[in-house]
Amino acid sequence: MGAVEALDTAGAWAILSAQKRAEAGGRPFEIVNLSEAHRHLLATVANAMPEPEPRRRTIPGRPGDGLAQLGQEVAGGLRGSLDSMAFFGQVVAHLGGLLIHPRRLRLTPLVHHMQEAGWNAVPIVTLMGFLIGIVLAFQGSTQLKAFGAEVYVVDLVAISILRELGILLTAIIVAGRSGSAFTAAIGSMKMREEIDAMRVLGLDPIDRLVLPRLIALVILLPVLGFIASMAGLVGGALMAWIDLGITPGMFRTQLLADTDVNHAIIGLVKAPFFAVIIAVIGCHQGMQVSGNAESLGSHTSRSVVQAIFLVIVVDALFSVFFAVWGL
Amino acid sequence: MAREVVIEVRGLKNQFGPNVIHEDLDLDIYRGEVLGIVGGSGTGKSVLLRSIVGLQAPRAGSVRVFGVDVRQAPRAEMARVENRWGVMFQDGALFSSLTVRENVEAPMRERTDLDPETRRALADLKIAMVGLPPKARTLFPSELSGGMRKRAGLARALALDPEILFLDEPTAGLDPIGASEFDALIRNLQTSLGLTVFLVTHDLDTLHATCDRIAVLAERKVLVTGTIRELMEVDHPWVRDYFHGPRAHAALLAAEG
Ligand SMILES: Nc1ncnc2c1ncn2[C@@H]1O[C@H](COP(=O)(O)OP(=O)(O)OP(=O)(O)O)[C@@H](O)[C@H]1O
Ligand SMILES: [Mg+2]
């Protein structure tokens, strides 16, 4: 060892492992001519030499494994939805508390979230509605021309946008935009123990974080849906004018004569429900984030997927409900 | 014998908005020494560390490590320098989605071509060296205690057997026994590996136990440097309070046995 100029811990580890192996094999192994510093280092490393871990045998798969895993996944899914229901219950209880003590509501965060989730979404929602109107009018007119029933393009556009598409697509955009933002914001607070800090300071995370977001969305999603629907009608009217020569005046007359205001009401009635779904799922997923960055990402994507899925399911249920009631 | 300067800071200026942190700061660190950095909270110890390792672009001044200017060096040269230092951040800064072992392996994976078996064994060695129990290897940072996170951070800083070790308050949050073990470990590594250590600390016991020289940060610059003995003679209000306060006396007594 006298010729060794530099030695680091990796080198010391290599020497000591060689010694261990040699001794296990019964061969003699001697380290000679050590300088003082190197002796020191070897001693330090020898002290810390990790015991080799017993190798874990991998258990070969058995026929029932797939089934067991399926069962576990189903059970996990059920537990997850139960969790969400429990969270929803808590939120409702806090809302009830808020009704009794309305002054507990913080206006500043509410306005902030209304701005973030509502006002800032107006351009994208308007553009989306406008384009959907154009597409519907265009596709409708090519089909209806075949029957000479061009003028019904107005009914087609108006009913589908007012009743379904305007609000549904708005909800999907808001789920992608704000639901994910809710999860990421609350989740990163959870990661940095800010939520725990709020709890020990006596600030209720549901009151402070969830309710302002929920209320902001419940107020503003109908407004956004309305804006999208109006933009859709404008887009439809424009396309009908260009493609079929239906002037805006005719479009308006036909719209007022044929389309019941119920369609618009049915569309808007659904909006607060969608808002609750998006806000509750977004916040709940945020609360579920655990200590690592990976889980923040997976909960954010889960929040968007679940919210969009549930919005569509609820929309379908509404359709059935209204159909049965004959509306 | 003139000692080799491994870190040379000249005329450093750091500023956040109107808030000037450092101005005209000069500092030399010699090979093989443990340099303690002390100063009140918010005097910019962490910022100084960040500017030396190139995480914080200073407004003015130069920082040379191993003679390489960290602000102007080309990437390849910088990478060579980065291989030769290890940094432990104040709050650990472990990768939250990796286990402790994977955290320690991360720099080796990135910068060496060791085979996985060796990498793993070396990582386990580093984990044992910093005094973490074997069961900690497979835990995630969020499952560790604050002190364990510090140790894991040190293990990761040591992963590549660096020549310079930057430590930001390594003993804060450790129990006293753990803290003295930590001091002994740093001293031990320093003697056996010839490590140069840049040690930010508030812990007077650590200063006594490990540091060859101490630099006091105050009034936006390095006010004085010297051994504890020398600093005890300095006539500056903060330095006097620091080295003559009740804690300082207790630490001094402890150090002298
Ligand atoms: N990214 C930043 N933006 C703005 N100001 C900053 C930033 N980082 C640090 N500062 C300011 O620089 C000053 C020095 O901070 P620094 O973290 O270096 O303190 P410190 O000496 O390490 O304190 P402590 O002992 O508490 O760790 C503080 O006043 C802080 O507010
Ligand atoms: Mg600091």
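Residues numbered from 1 in each chain as written. Chains lettered and ligands numbered in written order. Predicted model: local features only at pLDDT ≥ 70, side-chain atom pairs only at ≥ 80, totals over all residues. Heavy atoms only, no water.

A short note on the UniProt feature "domain: ABC transporter" (unreviewed entry) in chain B
Just so we agree on the cut-off: UniProt positions are given in the numbering used here, feature names are shortened, and annotations may be inferred rather than shown by experiment. Secondary structure counts use DSSP, requiring at least four H or I residues in a row for a helix and at least two E residues in a row for a strand, with both numbered from the N terminus.
The UniProt entry lists residues 7–244 of chain B under the feature "domain: ABC transporter" (unreviewed entry), expressed in the numbering used here. Strand forms 26% of residues 7–244 of chain B and helix 39%; the C-alpha atoms that close the span are 30 Å apart.

Remarks on the UniProt feature "transmembrane region" (unreviewed entry) in chain A
Within this numbering scheme, the UniProt entry marks residues 121–139, 214–242, 262–283 and 304–325 of chain A as carrying the feature "transmembrane region" (unreviewed entry). A distance of 31 Å separates the end C-alpha atoms of residues 304–325 of chain A, which is 95% helix and 0% strand.

Focus: the site of ligand 1
All names here are of chain B. So the rule is basically this: One heavy atom suffices: a residue is near a molecule or strand as soon as one of its heavy atoms comes within 4 Å of it. For this analysis, a polar contact is any N or O atom pair within 3.5 Å, provided that within protein one partner can donate a hydrogen and the other can accept it, and provided that sequence-adjacent residues contribute only side-chain to side-chain pairs. Only the protein chains shown count as covering a residue, and every accessible area follows the Shrake-Rupley method with a 1.4 Å probe. Side-chain classes follow a simple rule in which Ala, Val, Leu, Ile, Met, Phe, Trp, Tyr, Cys and Pro form the nonpolar group, Asp, Glu, Lys and Arg form the charged group, and the remainder, Gly included, forms the polar group.
If you check the shell around ligand 1, you find 13 residues, and the closest are Gly-42, Lys-45, Ser-46, Val-47 and His-202. Take Ser-46: an N or O atom from its side chain is 2.7 Å from an oxygen atom of ligand 1. Computed on the free molecule, ligand 1 has an accessible area of 640 Å², of which 60% lies beneath the protein chains in the complex. Ranked by the residues each element gives to the shell around ligand 1, the list is headed by helix H1 (residues 45–52), at three residues. Here the shell around ligand 1 is built from residues that sort into three nonpolar, eight polar and two charged.

Quick notes on the coordination of the magnesium ion (ligand 2)
Residue and element names in this part refer to chain B. As a reminder of what qualifies: Only N, O and S atoms count as donors, using a 2.8 Å limit from the metal and a wider 3.2 Å limit for Na, K and Ca, and since water is excluded some coordination spheres may look unfilled. Relative accessible area decides the class of each residue, using a 1.4 Å probe on protein chains only: under 20% of the type maximum gives buried, over 50% gives exposed, and in between gives partly exposed.
At the metal site, the magnesium ion (ligand 2) is ligated by Ser-46 (OG) and Gln-90 (OE1), and these contacts range over 1.9 to 2.4 Å. Of the two residues, Ser-46 is situated in helix H1 and Gln-90 in the loop between strand S6 (85–88) and helix H3 (100–111); the sequence distance between them amounts to 44 residues. Gln-90 sits in the partly exposed class, given a relative accessible area of 34%.

With respect to the domain arrangement of chain A
Definition in use: Note: domain ranges come from an automatic or database domain assignment.
For chain A, the domain assignment lists domain 1 (9–48) and domain 2 (106–324). The distance between the C-alpha centroids of domain 1 of chain A and domain 2 of chain A comes to 68 Å.

Some details on the pattern of salt bridges
Residue and element names in this part refer to chain B. Put simply, the rule is: Salt bridge, as used here, is a side-chain nitrogen of Lys or Arg placed within 4 Å of a carboxyl oxygen of Asp or Glu.
Within the structure shown, the criterion is met by 19 salt bridges over all chains. Between Arg-101 and Asp-124 there is a salt bridge; the shortest N-O distance is 2.9 Å. Here the residue Arg-101 occupies a position in helix H3, and Asp-124 occupies one in helix H4 (residues 116–129), the gap between them amounting to 23 residues. Among the residues examined, Arg-101 registers a relative accessible area of 8% and is labelled buried. With a shortest N-O distance of 3.5 Å, Arg-109 and Glu-105 are connected by a salt bridge. Note that Arg-109 and Glu-105 are positioned in helix H3 at a spacing of four residues, about one turn of the helix. Residue class for Glu-105 comes out buried when judged on its relative accessible area of 7%. One connected set of salt bridges, linked through shared partners, spans Glu-4, Arg-31, Arg-84 and Glu-163.

Digging into the sheet that holds strand S1 (residues 5–16) of chain B
All names here are of chain B. Formally: Think of it this way: DSSP has to see at least two bridges between two strands before they count as a pair. When checking whether two residues touch, look at their non-hydrogen atoms; a contact exists if any pair is within 4.5 Å. Fitted lines through C-alpha atoms serve as axes, helices being fitted only where they are in contact, and the angles separating the N-to-C directions of these axes extend from 0 to 180 degrees.
As summarised here, the arrangement of the four strands in space is S2-S1-S4-S5, forming an open sheet in which the pairing is antiparallel. Edge positions in the sheet fall to strand S2 (19–30) and strand S5 (68–69), since each of these pairs with one other strand and no more. H1 rests against S1, S2 and strand S4 (60–65) of the sheet, and its axis sits at about 120° to S1.

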